[in-house]
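Structure at a glance
Listed here are the chains, written in short residue letters.
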Amino acid sequence: MHYFTYKNNHLFCEDVSLEALAQKVGTPTYVYSQATLTRHFKAYQDVLKNHRHDMPNHLVCFSVKANSNLAILKLLKNLGAGFDIVSQGELYRVLKVGGNPKHVVFSGVGKTQEEMTYALKKNILCFNVESEQELILLNQVAKKLKKKAPVSIRVNPDIDPKTHPYISTGLKENKFGIPIQEALALYQRSSEFSSIQFIGIDCHIGSQMLSLDPILESVRELKKVILDLKQKGIHIQHLNIGGGLGIPYSKETPPSPQEYLKDVLSELKDLKIKLLCEPGRTIVGNAGILLTKVLYTKKTASKNFIIVDSAMNDLIRPTLYDAHHEVWPVQRSIDTPRVEQRRMTSVDIVGPICESGDFLAKDRKLAQPQPSDLLVVMSAGAYGFSMSSNYNSRPRVAEALVSGNKFKICRKREALKDLIRGEKP
Ligand code: LLP
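These figures come from a predicted structure and were not determined experimentally.

Glancing now at the overall build of the protein. What the protein contains, in helices and strands, is 13 helices and 21 strands. In terms of overall size, the protein behaves like a compact globule, its C-alpha atoms giving a radius of gyration of 23 Å where 425 residues would be expected to give roughly 22 Å. Principal axes of the C-alpha set define a box for the protein whose edges measure 70 × 55 × 40 Å. Across the 425 residues of the protein, 55% fall into the buried class. In the protein, the proportion of contacts linking residues at least 24 apart, taken out of those at least 6 apart, comes to 69%. Total accessible area on the protein stands at roughly 19400 Å², and carbon and sulfur atoms take up 51% of it. One way to put it: in the protein the 58 positive side-chain charges average out to a point 6 Å from where the 43 negative ones average out.

For the ligand, the set of nearby residues contains 18 residues, the closest of which are Ser207, Glu278, Arg317, Tyr321 and Tyr383. Here glycine 244 contributes a backbone N or O atom positioned 2.9 Å from an oxygen atom of the ligand. Burial of the ligand by the protein amounts to 92% of the accessible area it has alone, namely 590 Å². Here the residues of the shell around the ligand sort into five nonpolar, seven polar and six charged.

In the structure shown here, the tally under the stated rule is 16 salt bridges. Ionic pairing is found between arginine 220 and glutamate 267, a salt bridge with its closest N-O pair at 2.6 Å. Residue arginine 220 is located in helix α8 (residues 213–231), and its partner glutamate 267 is located in helix α9 (residues 257–268); the two are separated by 47 residues in the primary sequence. A salt bridge links glutamate 414 to arginine 411; the shortest N-O distance between them is 3.6 Å. Owing to a relative accessible area of 11%, glutamate 414 belongs among the buried residues under this scheme. In this structure arginine 411 comes out as partly exposed when scored by relative accessible area, which is 23%. One continuous salt-bridge network, built from bridges that share partners, spans Glu132, Arg189 and Glu192.

A word on α8. The first and last C-alpha atoms of α8 sit 27 Å apart over 19 residues, in line with the 27 Å expected at 1.5 Å per residue. Within α8, burial applies to Pro214, Ile215, Leu216, Ser218, Val219, Leu222, Lys223, Val225, Ile226 and Leu229. Tucked into the core, α8 has its buried residues touching β9 (149–156), α7 (180–187), β11 (196–202), β12 (238–240) and α9.

Taken as a whole and assessed by the stated rule, the structure comprises seven aromatic pairs. For the ring pair tyrosine 6 and tryptophan 328, a centre distance of 5.9 Å and an interplane angle of 25 degrees mean the geometry is stacked. A residue pair is termed long-range when its members are at least 10 positions apart, and tyrosine 6 in strand β1 (residues 4–7) and tryptophan 328 in strand β16 (residues 327–329) qualify at 322 residues. Residues tyrosine 166 and tyrosine 321 carry aromatic rings whose centres are separated by 6.4 Å and whose planes lie at 70 degrees to one another, so their mutual orientation is edge-to-face. On the criterion of sequence distance, the pair formed by tyrosine 166 in the loop between β9 and β10 (178–179) and tyrosine 321 in helix α11 (residues 317–321) is long-range, its members being 155 residues apart. Accessibility expressed as a relative area gives 57% for tyrosine 166, which makes it exposed. Residue tyrosine 321 is classed as buried on the basis of its relative accessible area, which comes to 15%. A network of ring pairs unites the aromatic residues Tyr30, Tyr32 and Phe385 as a single cluster.

On to the nonpolar core. Within soluble globular proteins, side chains that are nonpolar tend to cluster in buried spots. Counting residues in hydrophobic clusters, the biggest one holds 97 residues, and the most contacted among them are Phe127 and Leu239. Counting residues per element, this core draws most heavily on α8, which supplies seven residues. Per-domain counts for this core show at least three residues from each of domain 1 (4–32 + 285–419) and domain 2 (34–281). If near-sequence neighbours (up to four positions away) are discounted, leucine 239 is found in contact with Ile201, Leu222, Ile226, Leu268, Leu271, Ile273, Lys274, Leu275 and Leu276.

About the thresholds
Numbering of residues starts from 1 in every chain and runs along the sequence as written. Two thresholds apply to this predicted model, a pLDDT of at least 70 for residue-level local features and 80 or more for giving and counting side-chain atom pairs, whereas whole-chain, interface and lining totals are computed over all residues. Each side-chain value is worked out from all heavy atoms of the structure, with water and hydrogens disregarded. Numbering of helices and strands runs from the N terminus, with a helix taken as a DSSP run of H or I at least four residues long and a strand as a DSSP run of E at least two residues long. Based on C-alpha atoms, the radius of gyration is set beside the globule rule, defined as 2.2 Å times the residue count to the power 0.38. Whether a residue is buried, partly exposed or exposed follows from its accessible area with a 1.4 Å probe, protein chains only, as a fraction of its type maximum: under 20%, in between, or over 50%, in that order. Contacts between residues were defined by any pair of non-hydrogen atoms, one from each residue, lying within 4.5 Å. Residue exposure ignores everything except the shown protein chains as possible cover, and the areas themselves are Shrake-Rupley values with a 1.4 Å probe. Under the counting rule used here, the positive set is Lys and Arg, the negative set is Asp and Glu, and His together with the chain ends is not counted. Note on charges: their place is set at NZ of Lys, CZ of Arg, CG of Asp or CD of Glu. Any residue with a non-hydrogen atom lying within 4 Å of a molecule or strand is treated as near it. Whenever a nitrogen or oxygen atom comes within 3.5 Å of another N or O atom, the pair is scored as a polar contact, on the condition that within protein one atom can donate a hydrogen and the other can accept it, and that pairs from neighbouring residues in sequence are kept only if both atoms are in side chains. In the scheme used here, Gly and all other residues not listed as nonpolar or charged are polar, with Ala, Val, Leu, Ile, Met, Phe, Trp, Tyr, Cys and Pro taken as nonpolar and Asp, Glu, Lys and Arg as charged. A pairing counts as a salt bridge when a side-chain nitrogen of Lys or Arg comes within 4 Å of a carboxyl oxygen of Asp or Glu. Here a helix's expected span is defined as the number of its residues, less one, multiplied by 1.5 Å. Stacked, edge-to-face and tilted are the three classes for Phe, Tyr and Trp ring pairs, Trp counted by its six-membered ring, which pair at centre distances within 6.5 Å; planes under 30 degrees apart are stacked, over 60 edge-to-face, the rest tilted. Residues grouped as a nonpolar core are buried Ala, Val, Leu, Ile, Met, Phe, Trp, Tyr and Cys residues, joined through side-chain atoms within 4.5 Å. Domain limits in this description derive from either an automatic procedure or a database domain assignment.

Written out as structure tokens, the structure reads:
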């Protein structure tokens, strides 16, 4: 079931017309579908609930970096989500919506002392530790606070996730995690870390993975470590498989979260351990779009440009990762398919920023749009707004959350004064 569909050739998000929404909120605007977010989260939650006999306990930790809007965090919290965070800023957001710190795991290779202190004081579930130096510092910080820091070691299993190099994280040349043999040695040195309690093990080998093989291989590696430690008398309470499952942006056919979890569970069924996962993109990616307006059309000798009001600062994925996002018109042509075919031209959809890298889509077949027409950049809910910036002193765009035939603005469009907040001439 799709929640972005055409009704009478007009694109809707659930039961809200995007044309009407643009009239009220303006453009560019990120628009999210609450029904889609809910369905995606439940896909994870339901499989795990239905496998209680294999996996007595579980926690689906939404990866906040994918989309940190408070309305989305609140919705997911109310559905029972925990959270995967990578900064104190993300923890601050989670706490703002009433998220339970006991459902928060803290990843990242560069946690500062200040961040450790903040998270320890808030009593989070676990620090996913990524180096020996980090472990030593965390031990000291916890000791000072007279606390025990709960720790999972993030293992780097040296497995190729077969995705874009910038979002591969589980290869030995990546900065993430600790090689398996070193991790094993650290767990066995627990007596040196009197203010650390080792409770888990985790890994996250990459993002937008379209095949289960590398994920299952890493799960098998983690299982081996757990069994090895058990033999040595060290008992690990939870296994965190990270996130990373891919979504269809165009014609990709990734496994569903259901297929993914069923395979993971069958690898782990005799382990009887708490299972954590950290999905981001699969929850929010296809639950959001970027609504934008055509400003100009421009024909040069070799190209047909559509210049729109959103740009690489609003959605950086196309230029940073060569990512493909489908672009749909909000008002579909009422021509017959044959006439429409004739009107189709190959266009580059670009923004107003002063760089040739400022594009949202290249060489797309579209019925030639006119100034003021509305377009939609699809699959933009994950790593869209959360990676946006004020480059070229462009105010960050509005965000709206749709539910049924209603929507609310869940982030106001920035005003000019927001651009200079905290600055002094
Ligand atoms: N856990 C950890 C430790 C992570 O580093 C990430 C993402 C996730 C979970 C969530 O992964 P997901 O399920 O969303 O694939 N900006 C890039 C993606 C960066 C992913 C970084 N880590 C993009 O736009 O494709």
